[in-house]
Amino acid sequence: MIEADRLTKRYGSKVAVNDLSFTVKPGRVTGFLGPNGAGKSTTMRMILGLDRPTSGAVLVDGRPYRELKQPLRTVGALIDAKWVHPNRSAQAHLKWLARSNDIPLRRVDEVLEMVGLSQVARRRAGGFSLGMSQRLGIAAALLGDPKILLFDEPVNGLDPEGIHWIRRFMQGLAAEGRTVLVSSHLLSEMSLTAEELIVIGRGELIAQCSTDEFVEGASNASVRVRSPQAQELRQLLTGQEFVVQQPDRETLLVGDAGSEQVGEIAARNGIVLHELSLQRGSLEEAFMQLTSQAVEYQTDFGGAAATTAGK
Ligand SMILES: Nc1ncnc2c1ncn2[C@@H]1O[C@H](COP(=O)(O)OP(=O)(O)OP(=O)(O)O)[C@@H](O)[C@H]1O
């Protein structure tokens, strides 16, 4: 379990994290979401004792990180996958970490096996692809068999296969009863990976809820209808205050409506329907809307980015 209580971090006059409280529970993947500059990395660094809070506190397994007797056995983290001496082999890197943390050396081969790097264990880590480096970073996080795991933007720059592997791996760790916190700025990716979300913007909490709840609440539903009597139906719907768009002669898009409402109005008026389907808004679009006030550096082309992702 990770518990943040009114966590605040200031750098001079800059408030990076402001009065942030949340709880991360074991047994599920929790996504830590927010636009660039929202304060995710700063929060993760405070959880790991790498940065001291200006005020407030964060507890890992009931204690501040600095008070943990064997930190690597309690919490493992992937913060920077390239944090490895390029001339060292994967195995040598992990052995060095194990030795300096009093972890039995046999654990090195175990974690290499877990992340699928056994075959390349003796190769120079400097020659690893980004995906392999991420796996090595995850192996390092797992060395102490910790109950709590933190991953900072683990899928950044990975190909779809790498993303899929990390997603499944994190879900497997949570299924073993571990606490898994993973940061990302992509809602569509997190909605596939995490059961629970903590959403922040400008260092402040926007939401903590299940992913399903967030997605339901965030994206506006509309109803798509096709009918040979589209014009007639359009008049009936606008008469009842629905906002209706008509992309072509036979198609209507009814905003903020349920398919039951539209279907029943059509049935009562004897209107033939060829299609009646609920359309969910793009998740990324909804997420950007919700956090737009919280984006540090607005760009004019934010709208274009919003249309690229979605579920
Ligand atoms: N050492 C520092 N000194 C001054 N300001 C900092 C420092 N570290 C972070 N900040 C500022 O604090 C804010 C939060 O940064 P942080 O890196 O935690 O955000 P983030 O959500 O992880 O963003 P990203 O996804 O871009 O990494 C930003 O405005 C950043 O510029």
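With an unreviewed UniProt entry as reference, the protein chain is termed ABC transporter ATP-binding protein, source organism Saccharopolyspora taberi. Looking at the Sequence similarities (unreviewed entry) heading of the UniProt record, one finds this comment for the protein chain: "Belongs to the ABC transporter superfamily."

Trainee: Explain the pairing of strand β3 (residues 29–33) to me, and be specific about the residues and the numbers.
Mentor: Among the five residues in β3, five count as buried, and that is most of the element. Burial along β3 is two-sided: V29, G31 and L33 and T30 and F32, pointing in opposite directions, are all buried. Judged from the five bridges that link them, β3 and strand β7 (residues 179–184) form a sheet pairing that is parallel. Within β7, the residue paired with F32 across the bridge is S183.

Trainee: Could you give an account of the environment of G126, naming the residues involved and the relevant values?
Mentor: Within the fold, G126 resides in the loop between α4 (106–114) and α5 (130–142). Distance from G126 to N87, taken between C-alpha atoms, is 5.9 Å for residues 39 residues apart in sequence.

Trainee: Describe in detail the nonpolar core, supporting the description with residues and values.
Mentor: Residues L94, I138 and F151 are the most contacted members of the largest nonpolar core, which totals 47 residues. Excluding residues that lie within four positions of it along the chain, L94 makes contacts with V108, V111, L112, L136, A139, A140 and L143. Counting 24 residues, the second-largest nonpolar core is a separate cluster that includes A38, M44, V58 and V60.

Trainee: Lay out the sheet that holds β7 in plain terms, naming residues and giving numbers.
Mentor: Reading across from one edge, β5-β6-β7-β3-β8-β9 is the order of the six strands in this open sheet, with mixed pairing throughout. A single partner strand is all that each edge strand has here, and the edge strands are β5 (75–78) and β9 (204–210). Across the sheet, the mean angle from the axis of one strand to that of its neighbour is 15 degrees, orientation sign disregarded. As judged from the six bridges shared by strand β8 (residues 196–201) and β9, these two strands associate in the antiparallel manner. Bridged to I200 within β9 is L205.

Trainee: So what about helix α1 (residues 40–47)? Which residues, and what values?
Mentor: Extensive coverage of α1 is indicated by the burial of six of its eight residues. Those residues of α1 lying buried are K40, T42, T43, M44, M46 and I47. Positive phi appears at G49, one or two residues downstream of α1, with a value of about 70 degrees.

Trainee: So what's going on with the sheet that holds strand β13 (residues 275–280)? Which residues, and what values?
Mentor: Read across the open sheet, the four strands follow the order β11-β12-β10-β13; overall the sheet is antiparallel. On the outer flanks of this sheet lie β11 (244–248) and β13, each paired with one strand and no other. Looking at each pair of strands side by side, their axes are set apart by 25 degrees on average, direction ignored. Relative to β13, strand β10 (residues 221–226) is paired through six bridges, and the arrangement is antiparallel. Among the inter-strand pairings, V225 is bridged to a residue of β13, identified as L276. Here helix α10 (residues 259–268) sits on the sheet and contacts β10, β12 (251–255) and β13; the angle it forms with β13, its principal contact strand, is near 155 degrees.

Trainee: Which residues make up α5, and what values do they have?
Mentor: The terminal C-alpha atoms of α5 lie 18 Å apart, and with 13 residues this matches the ideal 18 Å at 1.5 Å per residue to within 8%. Among the 13 residues that make up α5, ten are buried, leaving the element largely enclosed by the rest of the structure. Those residues of α5 that sit buried are M132, S133, Q134, L136, G137, I138, A139, A140, A141 and L142. Tucked into the core, α5 has its buried residues touching β5, α3 (90–100), α4, β6 (148–152) and α6 (160–175).

What counts, and where the lines are drawn
- Residues numbered from 1 in each chain as written.
- Predicted model: local features only at pLDDT ≥ 70, side-chain atom pairs only at ≥ 80, totals over all residues.
- Heavy atoms only, no water.
- UniProt positions renumbered as here; feature names shortened; annotations may be inferred.
- Buried < 20%, exposed > 50% of the residue type's maximum accessible area, 1.4 Å probe, protein only.
- Helix = DSSP H or I, 4+ residues; strand = E, 2+ residues; numbered from the N terminus.
- Pairing = 2+ DSSP bridges.
- Core = buried A, V, L, I, M, F, W, Y, C linked by side-chain atoms within 4.5 Å.
- Contact = heavy atoms within 4.5 Å.
- Axes fitted to C-alpha atoms, helices over the stretch in contact; angles between N-to-C directions.
- Expected span 1.5 Å × (residues − 1).

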